[in-house]
Structures are given as structure tokens and as C-alpha cells.
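# Coordinates in review
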Amino acid sequence: MKNLTLDNITAAAVDSFAGLPDARRRELVQVLVRHLHDYAREVRLSHAEWRAALGFLHRVGDISTPERSEFSLLSDVTGLSSQVDLLWSQAGATPGSNLGPFHAAGSPWRDNPADLIGDNAGTRVLLRSRVLDMQGQPLAGAEVDFWQNAADGLYWQQDPRQPTDNLRCRLRTAADGSFEIATIRPVPYQIPTDGPAYLELVQPAGRGSWRPAHYHLIVSMPGHRTLVTEVFDAEDTYLERDAVFGVREALVGRYADEHDPAAAQRLGLPGPTVPVMRMDFRLAQA
Ligand SMILES: [Fe+2]
């Protein structure tokens, strides 16, 4: 008979997973079990607290659907998603940031420069960017997957009034690594406020539900690490208190009026200037 005590229960539980055949999976599970035990010891977890925590996870599962993962939101609002993004961001390369729940595969291809404005209300702007390697050399033919919300704060999947694929596209960078997207200025929006992640954790802590306005991008190029990131607006009021910890200084851009009568005309602007955000993306080697 093995006499399990406070002194050997953790080792027994960790060792019980030694038979997992995949080494990495074994490490992930064993270290998780060790940290769970350490946590319970550190806070002297009571039975009532343990049951409450399980009930909370139950509610997180109950409200989740294929379209709405409360577990992803829980990961976001506890900073775990951003922790993983930052772990895989390499010094000198553009840092990663939240993928978020509104990316979908199969975004339509557009020519570069692209114009996504269509019938959208909102402030018409240009995003002018380059994709570069770590030496600052342009990466021609890099794939850019871009998506953002509309003037009502919603992504097209959330809003039946928006046309399919509104404000999203894929395109390839030009020979000089550049790409340009005519679009509308994104607006701040709230994380879901009807589930346990917000109602039981974020709100009681006195935290807000808002995310500062942002573009989402996935930039990929063979031989380089794929970059999943966001670009924020320097003038946004929520920049200091993003509900999901996505803001990094290197990802904050500012719109500046540029004298460009041709672009102004294309965008249907009255004067000779266009609000332009310039943001380059630097990819690490694979
Ligand atoms: Fe977003």
C-alpha cells in the first residue's frame, strides 16, 4: 500500500503521467500537475473554493459554442494569450499580439494596393506598410491576411447588416515589400460581457470590457516566422487598459495627414491630403 501524504502526493500524481508516450505532451501534463499542486498548497485551497473554481470552469464551458469560445476569452483576460504571443516574439522582430476570435480562413484575395472601403461609414484612412526581414530588407510576395471591425464596432461575422467578408482581405507585398490598404479607421469594441469571464472575473475587479481600436494582421513568408499581430491607434482612449493585454509600444501607430491628391481622390476625400498610418512589420527567421 502506498501511503499518500502531503509530502509525496505531488510526486505521485506527476509520476503517474510518466507513461505518456509523447515527450512534449508528457512535459506539458506533468508540469501542469506540479503547478496545480503548488497553487493549492500556496493558497491553502479550501474545499468550498475548489468547488467554486470547478463550477466556474463548468460555466465557462456551458456558454461556449463553436462560434464563441469562453475559454479563449478566459485565456485573453488573464493575459495568458498575450504571454504566449510574447514568448514567441523575437527581439528585433515585430511583436505578436492577440489573434482574437474573429479571424476566419479563406479571406478573399485582393490586388495590392487594396480598397476595402465600399459602403462602410467611418473615417477613410490608408494603412501604408512594408514587410521586412531582420536586416531591414524588403520581403516581396509576403502574404498579408488583414481584418478589422466596422464603424459600429462589429466584425462582419457578428453583424448581418454587413456584407460577407466586409473589411477583410488577403494580399501580397510588392517588389519593395510594400502594401497599402484603403479602409476606415477601426473603432474600440467590447469583449463579450454576458459570460463568466467578464461577469465573474473582469467586472468584479473593476476592469473595463473595452479593447482599443486595432487592425488584425497575419504576415507570412516562407523561411520566416509567421507573425500574428495587431496595430493600434495612438489616439485611442483605451490604449492604457486593453481588456486582453494586447498593446505593445511597437504596435501603436499614428495617423498623419499626407499630401497625396491622387490617393485623396481615390478615397473620395474633399482635400489633397489623406490620413495615413505607416507601420512596418519585421519578420524573424523561421
Ligand atoms: Fe479585434
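How each quantity is defined
Residues numbered from 1 in each chain as written. Predicted model: local features only at pLDDT ≥ 70, side-chain atom pairs only at ≥ 80, totals over all residues. Helix = DSSP H or I, 4+ residues; strand = E, 2+ residues; numbered from the N terminus. Buried ≥ 20, exposed ≤ 12 C-beta atoms within 10 Å, placed from the backbone. Contact = placed C-beta atoms within 7 Å. Pairing = 2+ DSSP bridges. Domains from an automatic or database assignment. Expected span 1.5 Å × (residues − 1).

### Looking at the overall build of the protein
In terms of helices and strands, the protein carries seven helices and 13 strands. For the protein, the residues scored as buried account for 28% of the 286 residues in total. Counting contacts in the protein only where the partners sit at least 6 residues apart, residues at least 24 apart contribute 67% of the total.

### Examining the sheet that holds strand 4 (residues 168–172)
One open sheet holds the five strands; their spatial order is 4-3-8-9-10, and the pairing between them is mixed. The strands lining the two open edges of the sheet, one partner per strand, are strand 4 and strand 10 (252–253). The pairing of strand 9 (residues 227–233) with strand 10 spans two bridges and is classified as parallel. In the sheet register, D233 faces strand 10, and the bridge partner there is G253.

### Thoughts on the domain arrangement of the protein
Per the domain assignment, the segments making up the protein are domain 1 (1–45) and domain 2 (92–190 + 209–282). Between domain 1 and domain 2, the C-alpha centre-to-centre distance is 44 Å.

### What to know about helix 2 (residues 23–43)
A rise of 1.5 Å per residue sets the reference length of helix 2, with its 21 residues, at 30 Å; its end C-alpha atoms lie 30 Å apart and thus fit the reference within 8%. Burial of helix 2 is sparse: only zero of the 21 residues sit out of reach of the surface. The first or second residue beyond helix 2 is R44, which carries a positive phi of 50°.

### A closer look at the environment of L45
Mapped onto the secondary structure, L45 falls in the loop between helix 2 and helix 3 (47–63). Between the C-alpha atoms of L45 and M277, which are 232 residues apart in sequence, the distance is 50 Å. Apart from residues no more than four positions distant in its own chain, L45 is found in contact with A40 and W50.

### Comments concerning the environment of W109
Relative to the helices and strands, W109 is located in the loop between helix 5 (80–87) and strand 1 (114–115). Spatially, the C-alpha atom of W109 lies 27 Å from that of A250, the residues being 141 residues apart in sequence.

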